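In case you want the letters, here they are:
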Amino acid sequence: METRAFSKFAGESDLGFSSEAIARIQKTFGLIRTLDSETSKQQRGQNGRRRSRVHDTIERTNAKAAYARRPIETDSANNNNSSNSPADDGRRLPTRHQTALGYKIESYLWFGVFYFGSFLGDNPFYFTFFPFWFYNINACVIRRVILLWTTTMYIGQAAKEILKWPRPQSPPVVPLEPRYFKEYGMPSTHAMVGTLIPFSILYLTMDKVQYSVPLGFIAATAWMLLVCFSRLYRGMHYILDVIVGAVLTFALMGVLFPFLDRIDEYLIEDRQAPLVLSGVITFLSVTYPSQRGISSTREDTIVILSTTGTIYTSLWLNHHFQIHPGIYECALPDTIQWPSLAQCGAMFLREVVGVVTTVLAYVILRPIVLETISFVYSIEINPETRKWLSVEFPYKYVTYTLVGFACLLGSPYVFTFLGIDK
């Protein structure tokens, strides 16, 4: 099926789709595959010697990776053999995907560097980076970056569901992030984000703020390469996944940049913008590619769309009703103004208070929204029913919309109360 078609299109001898090439990259940077976990433990028991610097907890993580990639047995009485996993529906991954590997780290420096590089494309990074810009730097720049981020992520995530190309084989590759094996691999959305964020910030500021553009270009390139190489080191993508992700992002930026200011202005200025934006988000969520109504990436995509929707709706409310005048101003300084020690302290406190406020809002609102949906539909909310589009969309959309209001409209009240407002 799709896996066989993939193998025919891109054999393992091709560098771009070679699992052996990814394993060699891991070995080059000091991530060494050992025996499978069970064999390794037996041998340690026989000879009494423990392999140096091998993480048993890491081996258990790889065992979880093998479990996550197992063929899913479906219930013929349940939704006509519908599947909740990319590995099912005739697209079972090869049995060699199911081997749990042990490994040892010979260079903790590279392990830490690439861990950070991978973090630059994960949800915790978005959750801290975007609010920091809103609270402390410039709202106009980061909201445009978020608009681009949403567009590229939607296209990248949808492409995964359409192409259905698998991730690298294990063995020989050691996968360090098994949670991503519920998704397909082409293109790498980490590579897309790692390209988009630094280069879009560079583009949006280089003609407004005086700084060394060549130095900014070098920094953006280093950011991109760090994220891209981290996906190879951590065994989550083929080389071509990463290349396509970066190239596709540059192409999308070239198409979107000429229209970016007009779209941004419309979403802030027009009286009907929140309704239009809500309709677009609903349409994109409902028409998102899926297999018999189930999609491995739709949940994250709805969260991304909802986040952008609530950001622009919050800024629209603030603009038209002057809830917090001047706090999300657009004016950029002519030169980079480095903050004083006291200003750094206030920036740090705003970030911490804002994130804590947002987390509290999520913790409080999430169960309320789920209970409301359960009451309206008269169903039990469980892991299976949460995958239904009729539950998944309102749950994520309503929750993250309200959480976004708390982040951008509620946090400034706390800042004022604590005396740390901008």
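In every chain, residue numbers begin from 1 and rise along the written sequence. Reporting in this predicted model follows two pLDDT cut-offs: at least 70 for local features of residues, and 80 or more for side-chain atom pairs to be given and counted; totals over whole chains, interfaces and linings ignore these cut-offs and use all residues. The side-chain figures draw on all heavy atoms in the structure; neither hydrogens nor water molecules are used.

Turning our eyes to something else, we now look at the state of the cysteines. Simply put, disulfide is the name for a covalent bond between the sulfur atoms of two cysteines. Here, a disulfide means two cysteine sulfur atoms that sit within 2.5 Å of each other. In this structure the tally under the stated criterion is 1 disulfide. A disulfide bridge connects Cys140 with Cys330, and the sulfur atoms are separated by 1.5 Å. Taken together, the positions of Cys140 in helix α7 (residues 139–163) and Cys330 in the loop between α12 (298–321) and α13 (341–377) put the pair 190 residues apart, joining distant regions of the chain. A 1.4 Å probe rolled over the protein chains alone gives each residue an accessible area, and that area as a share of the maximum for its type sets the label: buried under 20%, exposed over 50%, partly exposed in between. Using a relative accessible area of 39% as the deciding quantity, one classes Cys330 as partly exposed. Per the convention used, a helix needs a DSSP run of H or I reaching at least four residues, while a strand needs a run of E reaching at least two, with both numbered from the N terminus.

Quick look at helix α11 (residues 273–286) now. Take the residue count of a helix, subtract one, and multiply by 1.5 Å to get its expected span. Its 14 residues place the ends of α11 20 Å apart at the C-alpha level, agreeing with the 20 Å of an ideal helix rising 1.5 Å per residue. Among all positions of α11, only Ala273, Pro274, Leu277, Ile281 and Ser285 are buried. For α11, the angular spread of the buried residues around the axis is 95°, confining them to a single face. Opposite the buried face of α11, by more than 90 degrees, sit the exposed residues Leu275 and Phe283. At its buried positions, α11 is contacted by α10 (239–269), α12 and α14 (389–418). Throughout, the arc means the angular range of directions from the helix axis out to the C-beta atoms. For this analysis, residues touch if any pair of their heavy atoms sits within 4.5 Å.

So, about the packing of α10 against α12. To define axes, lines are fitted to C-alpha atoms, for helices over the stretch in contact only, and angles between the resulting N-to-C directions are given on a 0 to 180 degree scale. As a packed pair, α10 and α12 sit with axes 8 Å apart at the nearest point and diverge in direction by 60°. In terms of their interaxial angle, α10 and α12 are classed as oblique. Contact with α10, carried on its side by Asp264, Leu267, Ile268 and Glu269, involves Tyr312, Leu315, Trp316, His319 and His320 of α12 and no other residues of that element. With respect to orientation, any angle under 35 degrees is reported as roughly parallel, any angle over 145 as roughly antiparallel, any angle of 65 to 115 as roughly perpendicular, and every other angle as oblique.

Before going further, it helps to spend a moment on the nonpolar core. Throughout, nonpolar core names a set of buried Ala, Val, Leu, Ile, Met, Phe, Trp, Tyr and Cys residues whose side chains join them through atoms within 4.5 Å. In terms of nonpolar packing, the biggest core is built from 70 residues, with Phe129, Phe130, Phe134, Ile142, Trp149, Ile197 and Tyr328 touching the most fellow members. If one sorts the elements of this core by residue count, α7 sits on top with 11 residues. With residues near it in sequence (within four places) discarded, Tyr328 still touches Phe134, Tyr135, Ala139, Leu315, Asn318, Cys407, Leu408 and Pro412. Ranked by size, the runner-up nonpolar core spans 6 residues in total, among them Val369, Ile373, Val391 and Tyr395.

Glancing now at the side chain of Thr385. For Thr385, the location among the structural elements is in the loop between α13 and α14. Two N or O atoms count as a polar contact when they lie within 3.5 Å, although within protein this holds only if one can serve as hydrogen donor and the other as acceptor, and sequence-adjacent residues are included solely when both atoms are side-chain atoms. A polar contact of 3.0 Å, which involves the side chain of Thr385, links it to the backbone oxygen of Glu380. Setting aside chain neighbours within four positions, we find Thr385 in contact with Ile379, Glu380 and Val391.

Looking now at a nonpolar patch on the surface. Each patch groups residues whose relative accessible area exceeds 30% and which form no salt bridge, using 9 Å between like charges and 5 Å between nonpolar side chains of Val, Leu, Ile, Met, Phe, Trp and Tyr. Only the protein chains shown count as cover for residues, and the accessible areas themselves come from Shrake-Rupley with a 1.4 Å probe. Each reported salt bridge corresponds to a side-chain nitrogen of Lys or Arg within 4 Å of a carboxyl oxygen of Asp or Glu. Taken together, the side chains of Phe127, Phe348, Leu349, Val352, Val356, Val359, Leu360, Val363, Ile364 and Ile368 define a hydrophobic patch exposed on the protein surface, amounting to about 880 Å² of accessible area. Here the nonpolar patch takes 9 residues from α13, the largest share from any one element. Structurally, the position occupied by Phe127 is in helix α6 (residues 123–136).

Attention now moves to unusual backbone geometry. Put simply, Met186 and Pro187 share a cis peptide bond, and its omega is -5°. Along the chain, Pro187 turns up in the loop between α7 and α8 (189–205). Although it is not a glycine, Gln322 sits at a positive phi angle of roughly 50°. With a relative accessible area of 45%, Gln322 lands in the partly exposed category. Residue Ser378 is not a glycine yet carries a positive backbone phi of 55°. Counting through the fold element by element, Ser378 comes out in the loop between α13 and α14.

Take the pattern of salt bridges next. Taken as a whole and judged by the stated rule, the model has 11 salt bridges. Glu177 is paired through a salt bridge with Arg231; the nearest N and O atoms lie 3.1 Å apart. Residue Glu177 is located in the loop between α7 and α8, and its partner Arg231 is located in helix α9 (residues 213–233); the two are separated by 54 residues in the primary sequence. The exposure class assigned to Glu177 is buried, which follows from its relative accessible area of 2%. Note that Glu392 is salt-bridged to Arg298, the shortest N-O span being 2.6 Å. With Glu392 in helix α14 and Arg298 in helix α12, this residue pair connects regions lying 94 residues apart in the sequence.

A word on the packing of α6 against α13. Geometrically, a packed helix pair is captured by the angle between its two axes and the distance between the axes. In contact at an axis separation of 9 Å, α6 and α13 are set at 125° when each is read in the N-to-C sense. Here α13 runs oblique to α6, going by the angle between their axes. In the packing of α6 onto α13, the handedness of the crossing is right-handed. Of the residues in α13, those touching α6 at Phe127, Thr128, Pro131, Phe132, Tyr135 and Asn136 are Met347, Arg350, Glu351, Gly354, Val355, Thr358 and Val359. Throughout, the ten residues Ala, Val, Leu, Ile, Met, Phe, Trp, Tyr, Cys and Pro are labelled nonpolar, Asp, Glu, Lys and Arg are labelled charged, and all others, Gly among them, are labelled polar. Residue composition of the contact of α6 with α13, by class: 7 nonpolar, 4 polar and 2 charged. By definition, turning the near helix anticlockwise from the far helix through less than a right angle yields a left-handed crossing, and turning it clockwise yields a right-handed one.

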